[in-house]
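Structural overview
In case you want the letters, here they are:
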Amino acid sequence: RRKRRRRKRRRRKRRRRRMYNAFMSEDSKRHQQSAVPQLFLLDRDGVINVDVGPPGVLSLDQLELLPGSAAAVRCLNDAGCCVVVVTNQTSIGKGLLNQQQLDGIHDKLCELLFLEAGAKIDRILVATGGTRVKPSPDMLLEALQFKSFLASDAVMIGDKISDLEAGKAAGVRGILVTSSAHGQAASEQLMTGCHSLRSVQPIVYADLASAVEAELSTAQEDRCLVNTQDACGKAAWRTAALVVPVGLALVIAIVALRLLDTSPPVHGAKKVCHIIGWLGAAGAIVLFGSSQVLMKLPALETVEPAARAGIFAACSSLGNGLCNVALCAVLHWLNALQHIPMPRTALAGFLGATDICAIQLLAFAACSSVLGLTVAPAIWCGIGMSVSFTWGVTFFREPVRSPVGAALAVLLLCTGVALCAIARSDLPRRVARHIWSGSSRKPTQQSSKKQERHSTALATGFAIAFAVGLLDGSLLVPFKFLVLGHGDAGAIVAYQYLETFGAALLLLGSLMLAVQAALWKSRYSHCASPEGWFPGFSAALRICSVPGLFTGGFWALGNISSIHAAEYLGIAVGFPLTQLGIIVNALIGICVFGEMQNKAQLAACTSGGLVLLVGAALLGIFGHA
């Protein structure tokens, strides 16, 4: 019997290892593919064949390949890339050419490519007039849907500004070749700035062969970077796998002790001497500190930027709701939760769920910004501590041992937030350079523009993190109002709140997912691909679902812990202590994702974290009577 049990355990371990390796190899495969563009969108005249001028190629005698174009297409075939030709042929609309003649020209083009270098084209898309003609992105979007490609996996190579404008509208990187008169004129427009591509500066090559050679060689050089991203992804999953059992053990211990407590706090009173509040704070520190680790997975960068945060937040909300509903289902099964939630409880749960959905959406954007995983959580946690303390003291009239000490603690929290925000700017490096060298380097015009762009991105990231802090500090306000209104029934209201909170999260998460699907469909509604818009959306959902559900689980377990901390320690003290997960966040950002490589920035971030830690400690000492 023991041997059979051992064999079963070994089989289970092997099965789990195979599942993990399969997931990681699939993740790694996506990264390897993303190193080389999977889809090359090529204009026809002036890129593959000689541009004979208006009105274009009208007969087979005029069709002539450009030198090296067939070999370039063959190189793309050998690299496993999909080659799609997207061309405007308005001569059909003008009556100069019919569809049968155009098909014959394209058949001849494919024949010449194959005879010269054994090259082949996967698909040819033609716009004969109307709104489909480039610079409209319709043909490019249809090509992306051909095999469910992402915009980040495609490259548009053309010889006209309209080709680059179509690529920009579709979110595809553009490359200009000067192998025709149109290409040379477009290159001059790019140099003089007389074009509409203000925010995009495309790369210019002499011909298709040079562009393909440069793209494939750059991809080879980027493979070391891809390997580094794979290592970061595996380290992030290992960190998450380590935190899951620790978090579950803490939450189980908190819930068990809470059910065994015969005199829980009621009427909004505090019970600081009980271990449940401090265990809740410790659990929230570990779980909230690890909740953002999967937001920085390199695989998520392959999802379209416009939909990435929304889809991830929807999956995270669903995971959060599932964990809360599962906990309450277990409590119902144990007869520990028998009362039906009241309408007031349902309203409080819905408000809290709306708050945390907004937090998850903005937190993803903040962590993906220039602030990163090290600084963004520090900013919103410091602001959240101050906001929650203000709620507890001003609105809920929670007693404070020393107003002066509490005010000093809040001031230190604000100072720590400022230091963490400065750490991501260029100020620490400039100060360090001035101290060590005694002089500061005069910025050039190029560095000034770069610094201006960085400052704009920094201000945007700080604004998002500030909004997250306001929402985060108000997260438990509906729960606190609910506890005060229930009186002696406040002993059971925590789990009733979690039940309605989880149900509302499932509803809001499903609604967010439906909204993202509708937005995706509207972006690709004009795509004429027979597969439609759904394959691309399902691919993005498949990438975001597992990390999003795990992140939602971390938020759920951390929220359960923070509710018990606020219930026993009060919202003015308990919730600020739960935000010390910023230390865990900073360690993960530095050790796992390699953020803050500069010593001056690292010193500023460490100083800000220590100031936040001291402020939280003073708040714990002077914040309760």
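The structure displayed is predicted, hence computed values, not measured ones.

Attention now moves to the sheet that holds strand β1 (residues 39-42). Here we have six strands laid out as an open sheet, ordered β3-β2-β1-β4-β5-β6, and parallel in their pairing. The open sheet has two edge strands with one neighbour each: β3 (123-127) and β6 (203-205). Adjacent strand axes in the sheet meet at a mean angle of 25°, parallel and antiparallel pairs treated alike. Pairing geometry for β1 and strand β2 (residues 82-88), over four bridges, is parallel. Following the sheet pairing, L39 is matched in β2 by C82.

In this structure, P55 follows P54 across a cis peptide bond, with omega equal to 5°. Relative to the helices and strands, P55 resides in the loop between β1 and α2 (69-78). The residue after K134, namely P135, is reached through a cis peptide bond having omega 20°. Topologically, P135 is positioned in the loop between β3 and α4 (138-144).

Our next topic: the side chain of T87. Summarising the element assignment, T87 is placed in strand β2. Judged by relative accessible area, T87 falls into the buried class, the value being 1%. Not counting the four nearest positions on each side in its chain, T87 is found in contact with D43, R44, H106, L125, V126, A127, K134 and M139.

The next subject is a nonpolar patch on the surface. A contiguous nonpolar surface patch, about 340 Å² in accessible area, is contributed by I583, L587, L610 and L613. At the level of elements, α20 (582-591) and α21 (599-622) are the ones that each hand at least two residues to the nonpolar patch. If you trace the backbone, L610 turns up in helix α21.

Moving on: helix α5 (residues 161-170). Along α5, seven of the 10 residues are buried, which leaves the element largely enclosed by surrounding structure. Of the residues making up α5, those classed as buried are I161, S162, D163, L164, A166, G167 and A170. Once α5 ends, the next one or two residues include G171, with phi positive near 80°.

Summarising burial for β2: six of the seven residues are buried, a large majority. In terms of handedness, the path from β1 via α2 over to β2 forms a crossover that is right-handed. The pairing of β2 with β3 spans five bridges and is parallel. Bridge pairing in β3 links V84 to R123.

With that settled, consider the pattern of salt bridges. For the coordinates displayed, the defined rule picks out 10 salt bridges. In this structure, K160 and D43 form a salt bridge, with 3.6 Å as the shortest nitrogen-oxygen distance. Residue K160 is found in the loop between β4 (154-158) and α5, and its partner D43 is found in the loop between β1 and α2; the two are separated by 117 residues along the sequence. What makes K160 partly exposed here is its relative accessible area of 25%. The residue K134 makes a salt bridge to D163 at a minimum N-O spacing of 2.7 Å. Remark: D163 occurs in helix α5 and K134 occurs in the loop between β3 and α4; sequence separation between them is 29 residues. A relative accessible area of 5% means that K134 is categorised as buried.

About the cut-offs
Residues numbered from 1 in each chain as written. Predicted model: local features only at pLDDT ≥ 70, side-chain atom pairs only at ≥ 80, totals over all residues. Heavy atoms only, no water. Pairing = 2+ DSSP bridges. Helix = DSSP H or I, 4+ residues; strand = E, 2+ residues; numbered from the N terminus. Axes fitted to C-alpha atoms, helices over the stretch in contact; angles between N-to-C directions. Buried < 20%, exposed > 50% of the residue type's maximum accessible area, 1.4 Å probe, protein only. Contact = heavy atoms within 4.5 Å. Patch = residues over 30% accessible without salt bridge, like charges linked within 9 Å, V, L, I, M, F, W, Y side chains within 5 Å. Areas by Shrake-Rupley, 256 points an atom, 1.4 Å probe, with all protein chains shown as cover. Salt bridge = Lys/Arg side-chain N within 4 Å of Asp/Glu carboxyl O. Right-handed = clockwise from strand over helix to strand, strands pointing away.

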